[in-house]
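# A closer look at the structure
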Amino acid sequence: MKISKHIAVVIIIMIVFIASSCVQDKELKYEMNDLSEAIISQLTNDDIKVAGSEYSNTGVYITLYGSDDTADIQELIEICDSWVDSHQDSRLVSERLKISVVLYKEKPSKRKSGVEDYVVSIRNYSDNVSSIEQSDKLDCIKINVQHSIASSIFESTSMDYRVIILPSTVEFDDFDVFIQMEDLEHLIISDSPFDTDRSQVEQKYAELISIAEGYDQVDFACEMF
């Protein structure tokens, strides 16, 4: 049976496309595993494990569990910053695909997949601010802890973040760290998804506004959810 030239061309194109997709999939899988291994090997706390990791043509999604300690949150942020900084030529970073690293205190069950009750999320995009598009930095941070956490945890980070979402338990022991972030667009107080006293969020937001008013210029929005 003869195959027309038109059909032959279509078949060749399909084969090339499939082969290219497989190469790209392997590349993303490698980069996802490389980031996961960098996190686990560099974290001081050996109790933190990988609960799962996924990749698709939209990006990579890594889920961790094992701690809600402030020191571990800070260290995780620093490790992710460092990985992105040293992998600017990777497909993930150069093509600005989605990168999501989330840490839970306890291992999340499959039925809780997608639930936002993580301890911290570190991403190059924001689910909370629709105007924020994907970037080549992990510059969108959301911290969900019910214990006290100091704003000075950002003193040791090298990244200028675009979005920082903090719980009402935050202590603003260093506000200059935010003022010095040239790329910061949104500093938000939120206890979502935890069912906490709304007045607590409002009081912390009022404190945030009061502190911001003490500066001649604040180039980011102070908000609450």
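You'll find the structure just up there.
To keep things clear, this report deals only with the structure shown in the data block. (Residues numbered from 1 in each chain as written. Predicted model: local features only at pLDDT ≥ 70, side-chain atom pairs only at ≥ 80, totals over all residues. Heavy atoms only, no water.)

## Considerations on the environment of Tyr30
Note on placement: Tyr30 falls in helix α1 (residues 5-42). Linking Tyr30 and Tyr55, residues 25 residues apart in sequence, is a C-alpha distance of 10.0 Å. (Helix = DSSP H or I, 4+ residues; strand = E, 2+ residues; numbered from the N terminus.)

## Section: the layout of surface pockets
Of the pockets and cavities examined, the second largest pocket occupies roughly 230 Å³. Residue lining of the second largest pocket: 15 residues in total, with Asp68, Lys105, Asp117, Val119 and Phe194 positioned closest to the centre. In terms of residue class, the lining of the second largest pocket is built from six nonpolar, three polar and six charged. (1 Å grid on protein atoms, 1.4 Å probe; cavity = no way out; pocket = protein on both sides within 12 Å on 5 of 7 lines; lining within 4 Å. Points joined across faces, edges and corners; volume = space filled by probe spheres on them. Nonpolar A, V, L, I, M, F, W, Y, C, P; charged D, E, K, R; others polar.)

## Describing the pattern of salt bridges
Inspection of every chain in the model, using the stated rule, returns seven salt bridges. Here Lys137 and Asp183 are joined by a salt bridge, their closest N and O atoms 3.4 Å apart. Within this pair, whereas Lys137 is found in the loop between β4 (120-123) and β5 (140-143), its partner Asp183 is found in the loop between α4 (176-179) and β9 (186-189), the two being separated by 46 residues in sequence. By relative accessible area, Lys137 is classed as partly exposed at 30%. In this structure Asp183 comes out as partly exposed when scored by relative accessible area, which is 31%. Among the ionic pairs, Lys204 bridges to Glu207, the shortest N-O distance being 2.9 Å. On the criterion of helical spacing, the pair formed by Lys204 and Glu207 is a turn pair, its members being three residues apart in helix α5 (residues 198-212). (Salt bridge = Lys/Arg side-chain N within 4 Å of Asp/Glu carboxyl O. Buried < 20%, exposed > 50% of the residue type's maximum accessible area, 1.4 Å probe, protein only.)

## A closer look at the packing of aromatic side chains
The full count for this structure, using the stated rule, is eight aromatic pairs. Ring centres of Tyr104 and Tyr118 lie 6.3 Å apart, and the angle between their planes is 80 degrees; on these two criteria the pair is classed as edge-to-face. On the criterion of sequence distance, the pair formed by Tyr104 in strand β3 (residues 98-104) and Tyr118 in the loop between β3 and β4 is long-range, its members being 14 residues apart. We note that Tyr104, like Tyr118, is buried. Ring geometry for Phe172 and Phe175: centres 6.0 Å apart, planes at 75 degrees, overall edge-to-face. As far as burial versus exposure is concerned, Phe172 and Phe175 are alike and both buried. An aromatic cluster is built from Phe154, Tyr161, Phe172, Phe175, Phe178, Tyr215 and Phe220, whose rings are joined through pairwise contacts. Positioned over the ring face of Tyr125 is Lys98, at 4.8 Å from the centre of the ring. (Phe/Tyr/Trp six-rings, centres within 6.5 Å; stacked < 30°, edge-to-face > 60°. Lys NZ or Arg CZ within 6 Å of the ring centre and 35° of its normal.)

Nothing here speaks to function; it is all geometry.
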